[in-house]
Amino acid sequence: MPFSASPMEPGGIIGILGGGQLGRMIAMAAARLGLRSHVYCPDPDSPAFDVCAEKTVAAYEDEAALRRFASSVGVVTYEFENVPARTAEVLAQVRPVRPDAAALAASQDRLVEKEFVASLGIATAPFLAVDTAGSLARAVAQLGRPSILKTRRFGYDGKGQTVVKEGTDLAVAFRSLGSVPCILEGVVPFEREVSVVAARALDGAFSAYPVCENRHEHGILQRSAAPAAVAPATAAQAVAIARTIADALGYVGVLAVEMFVTRENGAEALRVNEIAPRVHNSGHWTSDATACSQFEQHVRAICGWPLGATALLGAGVEMENLVGAAASGWRRLLGCEGVALHLYGKAEERPGRKMGHWTRIVPASCDKPADDERNPDATG
Ligand code: AMP
């Protein structure tokens, strides 16, 4: 190991690559622990800049700026998985980057990710590599229709994917994604989608938050609720899967593993969809519903500190994203009992852009609210 594994001290500076809402929430958690943050992002309007001690506005390819940034901090982390490999390499020459390059490599490319997960004996959707329109035809012949064609890299929030249905012209589908290297996935007939947000510390200690259940709309996470309505054995298996992945990567920090819950031979089964080597939208409820949020947990892990408590403070919790115009309901949400509102300070509202979220803890003395009572903004 090129660097000492000695823990950071309060007063130290953590470096955060990426200035979106995740970086902002990491910086806020770091500040609560007496740490300062230096945020590096090419966009001068980054929401994380509002809450950090230092900022660098420069390209991820600007090696001189990267070196200056890294030498000003004790440890470097990131809020997005598409950190270019060379960027991570340059930073790692100066300071520890946590999670490290192995985590980035395993999560940046959907084919590498699925092969890695499968190599650990963990189930995924059936998948095949697709490099040309011709290989797409062969893959579709094997996996059938419908199936999902996804770009190997740079897909997020449902972008970079298209469904291959009956009648879909394969050459057109391949071209529509830019004729780049892709993966074809069989459609998993899932009952629900869940994720495990977990952390692995520098000494290998592991801790997971309760498994949560996620609902996506147009490929964007809309709602999460914890605990997920799955059998205890399924929840335990989901956590075990996250731990196997984290251990195999020698991971340090918070990671999220998204999974499908299917019913196979009458019992619940899990298939991993995606690994996010970072704090994750489906863990935002931890800020209000646990003693140690995923953001604080990430800071603790990358600083070499012990992990914090992950137990739910109520019987359950729900979180809803405020996407695009939904954020204009903020005033009404402020008046909803038990609702904790988070706004990201983004100047410009755009369709599909995550502007904030709210959470609500279900008190231990109450039953979980019925579905039609869940959304305090539904009638607004
Ligand atoms: P992804 O970008 O891979 O996370 O996909 C976004 C969403 O599309 C997932 O959360 C699922 O709702 C759906 N999806 C993606 N891949 C599959 C699959 N192989 N089978 C069924 N649904 C999928």
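Quick note: structure is the one above.
The sections below set out a description of the structure shown in this document. Computed from a predicted structure; not experimentally measured.

Before going further, it helps to examine the packing of helix α1 (residues 21–32) against helix α10 (residues 294–302). Interaxial distance between α1 and α10 falls to 8 Å at its minimum, and their mutual angle equals 70 degrees. Classified by the interaxial angle, the pair formed by α1 and α10 is roughly perpendicular. In the packing of α1 onto α10, the handedness of the crossing is right-handed. Contacts from Leu22, Met25, Ile26, Ala29, Ala30 and Arg32 in α1 reach Phe295, Glu296, His298 and Val299 in α10. Residues that form the contact of α1 with α10 fall into these classes: seven nonpolar, one polar and two charged.

Moving on, we come to the pattern of salt bridges. With the rule as written, the count across this model stands at 22 salt bridges. With its nearest N and O atoms 2.6 Å apart, the salt bridge here joins glutamate 81 to arginine 278. You can see glutamate 81 sitting in the loop between β4 (75–78) and α3 (85–94) and its partner arginine 278 sitting in the loop between β14 (267–276) and α9 (286–289), a full 197 residues away along the chain. Residue glutamate 81 shares its accessibility class with arginine 278, and that shared class is buried. With its nearest N and O atoms 3.0 Å apart, the salt bridge here joins glutamate 318 to arginine 360.

Below, the discussion takes up the side chain of glutamate 320. In this fold, glutamate 320 is placed in strand β15 (residues 316–323). A polar atom in the side chain of glutamate 320 sits 3.3 Å from the side chain of glutamine 222. A polar contact of 2.6 Å, which involves the side chain of glutamate 320, links it to the side chain of arginine 223.

Time to look at the site of the ligand. Surrounding the ligand, one finds 15 residues, the nearest of these being Lys150, Gln161, Glu185, Val188 and Glu193. Measuring from a nitrogen atom of the ligand, one finds a side-chain N or O atom of glutamate 185 at 2.9 Å. For the ligand, an oxygen atom lies 2.6 Å from a polar atom in the side chain of glutamate 193. Residue composition of the shell around the ligand, by class: six nonpolar, four polar and five charged. Two domains each provide a minimum of three residues to the shell around the ligand, namely domain 2 (126–186) and domain 3 (192–374).

Judged by how many residues are buried, β14 sits mostly within the fold: seven of 10 residues are covered. Of the strand pairs in this sheet, strand β13 (residues 253–264) and β14 are connected by nine bridges, and their pairing is antiparallel. Directly across from glutamate 258, in β14, lies its bridge partner glutamate 274.

Turning to the packing of aromatic side chains, a few remarks are in order. Applying the stated criterion across every chain yields a total of five aromatic pairs. Between tyrosine 40 and tyrosine 60 the ring centres are 5.9 Å apart and the planes differ by 25 degrees, which places this aromatic pair in the stacked class. Of the two residues, tyrosine 40 sits in strand β2 (residues 36–40) while tyrosine 60 sits in the loop between β3 (54–56) and α2 (63–71), which places them 20 residues apart along the sequence. A relative accessible area of 0% places tyrosine 40 in the buried class. With a relative accessible area of 14%, tyrosine 60 lands in the buried category.

Here we take up the nonpolar core. Counting residues in each nonpolar core, the largest one holds 84 residues, and the members touching the most others are Ile14, Leu17, Ile245, Met259 and Trp285. Residues from two domains meet in this core; each of domain 1 (13–97) and domain 3 (192–374) gives at least three. When near neighbours in sequence (up to four residues on either side) are disregarded, isoleucine 245 contacts Phe116, Val117, Leu120, Ile122, Leu255, Val257 and Ile275. One finds Val130, Leu136, Leu177 and Leu184 within the second-largest nonpolar core, a separate group that totals 11 residues.

What follows is about the sheet that holds strand β7 (residues 161–164). Overall, antiparallel pairing links the four strands, which are arranged β5-β8-β6-β7 in an open sheet. Looking at which strands have only one partner, the edges of the open sheet turn out to be β5 (127–130) and β7. Strand-to-strand, the axes of this sheet are offset by a mean angle of 25 degrees, without reference to chain direction. Against the sheet, helix α6 (residues 133–143) contacts β5, β6 (147–151), β7 and β8 (182–186), and its axis sits at roughly 170 degrees relative to β5.

Cut-offs applied
Going along each chain's sequence as written, the residues are numbered from 1 onward. Restriction of local features to residues with pLDDT of at least 70 applies here, the model being predicted, together with a cutoff of 80 or more for giving and counting side-chain atom pairs; totals for whole chains, interfaces and linings are based on all residues. To get the side-chain values, take all heavy atoms of the structure and skip hydrogens and water. For every element, the axis is a line fit to its C-alpha atoms; helices are fit only across the contacting stretch, and the angle between N-to-C directions ranges from 0 to 180 degrees. Elements are defined by DSSP. Helices are runs of H or I of four residues or more, strands are runs of E of two residues or more, and each kind is numbered from the N terminus. Every angle not falling under 35 degrees, over 145, or within 65 to 115 is termed oblique; those three ranges are roughly parallel, roughly antiparallel and roughly perpendicular. Note on convention: the crossing is left-handed when the near helix lies turned anticlockwise from the far helix by less than a right angle, right-handed when the turn is clockwise. Contacts were defined at the residue level, with two residues in contact if any of their heavy atoms lie within 4.5 Å. Residues are grouped as follows: Ala, Val, Leu, Ile, Met, Phe, Trp, Tyr, Cys and Pro are nonpolar; Asp, Glu, Lys and Arg are charged; all remaining types, including Gly, are polar. Think of a salt bridge as a Lys or Arg side-chain nitrogen and an Asp or Glu carboxyl oxygen that are within 4 Å of each other. Summary of the burial criterion: residues with accessible area below 20% of their type's maximum are buried, those above 50% are exposed, and those between are partly exposed, where the area comes from a 1.4 Å probe applied to protein chains only. By the criterion applied in these results, polar contacts are pairs of N or O atoms within 3.5 Å in which, for protein atoms, one can donate a hydrogen and the other can accept it, and in which residues neighboring in sequence qualify only through two side-chain atoms. Put simply, a residue is near a molecule or strand once any heavy atom of it comes within 4 Å of that molecule or strand. All the domain ranges listed were derived from an automatic or database domain assignment. In short, DSSP must find at least two bridges between two strands for them to pair. Note on aromatic pairs: the rings of Phe, Tyr and Trp (six-membered ring only in Trp) are paired at centre separations within 6.5 Å, and the planes decide the class, stacked below 30 degrees, edge-to-face beyond 60, tilted for the rest. Nonpolar cores are built from buried Ala, Val, Leu, Ile, Met, Phe, Trp, Tyr and Cys residues. Side-chain atoms within 4.5 Å join them into one set.

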